[in-house]
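# Architecture and fold: a report
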Amino acid sequence: MFRGVFEHQIDAKGRTSFPAKLRETLAGAYDERLILTTALDPCLHAYPVREWESLEAALAKRNPMEPGVKTLMRLYVAQAQEVTIDKLGRLLVPPTLRDHAALNKEVVWAGMVKVIELWSKEGWAKAQKDAREGVDSAEVARVLGELRSQ
């Protein structure tokens, strides 16, 4: 499972380091490849290839003409690109994906259980602020209670 928040740099060519802690988890359970795609938020989602393939298999069973499925395919699947982590622990974020998440100079990797988010530092700070200001404590407590009883 991926967890933790890690700040890194991204260079003008779009190369950024993949956090060592996340890399350990990735290497232990998967391989050195990730699928990067645009999220609905102004960030990117990074999936281990096996997790991405499971999502695609589930999506392939759905009616492609269903409005939500079609939109998901256009915004999420069509944008997906495979990247490999090099021997120095870096990966190259393609320009179209960098643009979606406004990635330049400082980035934040956030482990989110089976997926990893990649944000601009400013975008992450705003998302955190919005989450804290808009938090429905009762709803969060309800979900946490359900998770604990499983």
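Structure: above.
Owing to the predicted nature of the structure, the values given are computational and were not obtained by experimental measurement. Residue numbers run consecutively from 1 along every chain, following the written order of its sequence. Whole-chain, interface and lining totals are the exception, using all residues; otherwise, since this is a predicted model, local features are given only for residues with pLDDT of at least 70 and side-chain atom pairs are given and counted only at 80 or more. Only hydrogens and water are removed before side-chain values are computed, so all heavy atoms of the structure are retained for them.

## Section: the packing of aromatic side chains
Only rings of Phe, Tyr and Trp enter the pairing, Trp through its six-membered ring, and a pair is recorded when the two centres are within 6.5 Å. The plane angle decides the type: under 30 degrees is stacked, over 60 is edge-to-face, the rest tilted. Counting across every chain of the model gives six aromatic pairs. Taking 5.0 Å as the distance between ring centres and 90 degrees as the angle between the ring planes, the aromatic pair formed by Phe 18 and Trp 109 counts as edge-to-face. Taken together, the positions of Phe 18 in the loop between strand 2 (15–17) and helix 1 (20–29) and Trp 109 in strand 7 (residues 105–113) put the pair 91 residues apart, joining distant regions of the chain. Summary of the burial criterion: residues with accessible area below 20% of their type's maximum are buried, those above 50% are exposed, and those between are partly exposed, where the area comes from a 1.4 Å probe applied to protein chains only. On the accessibility criterion, Phe 18 (1% relative accessible area) is buried. Numbering of helices and strands starts at the N terminus; helices are DSSP runs of H or I of at least 4 residues and strands are runs of E of at least 2.

## Here we look at the pattern of salt bridges
Just to be clear on terms, a salt bridge is a Lys or Arg side-chain nitrogen sitting within 4 Å of an Asp or Glu carboxyl oxygen. Here the structure, examined in full by the defined rule, presents 11 salt bridges. A salt bridge links Glu 106 to Lys 121, with the shortest nitrogen-to-oxygen separation between them at 3.8 Å. With Glu 106 in strand 7 and Lys 121 in helix 5 (residues 121–133), this pair connects stretches of sequence that are 15 residues apart. Exposure remark for Glu 106: the relative accessible area of 32% places this residue in the partly exposed category. Within this structure, Glu 7, Glu 106 and Lys 121 form a network of salt bridges that share partners.

## What to know about the nonpolar core
Core analysis: the largest hydrophobic core is formed by 21 residues, its most contacted members being Phe 18, Leu 34, Leu 91, Val 93, Leu 103 and Trp 109. Of all the secondary-structure elements, those providing two or more residues to this core are strand 1 (2–10), helix 1, strand 3 (33–38), strand 4 (44–48), helix 4 (95–101), strand 7 and strand 8 (115–120). Counting residues per element, this core draws most heavily on strand 1, which supplies three residues. In this structure, Phe 18 is in contact with Arg 23, Leu 26, Leu 34, Ile 85, Gly 89, Arg 90, Leu 91, Trp 109 and Ile 116, ignoring residues within four places of it in sequence. Working definition of a nonpolar core: buried Ala, Val, Leu, Ile, Met, Phe, Trp, Tyr and Cys residues. They are joined through side-chain atoms within 4.5 Å. Every residue pair with non-hydrogen atoms within 4.5 Å of one another is taken to be in contact.

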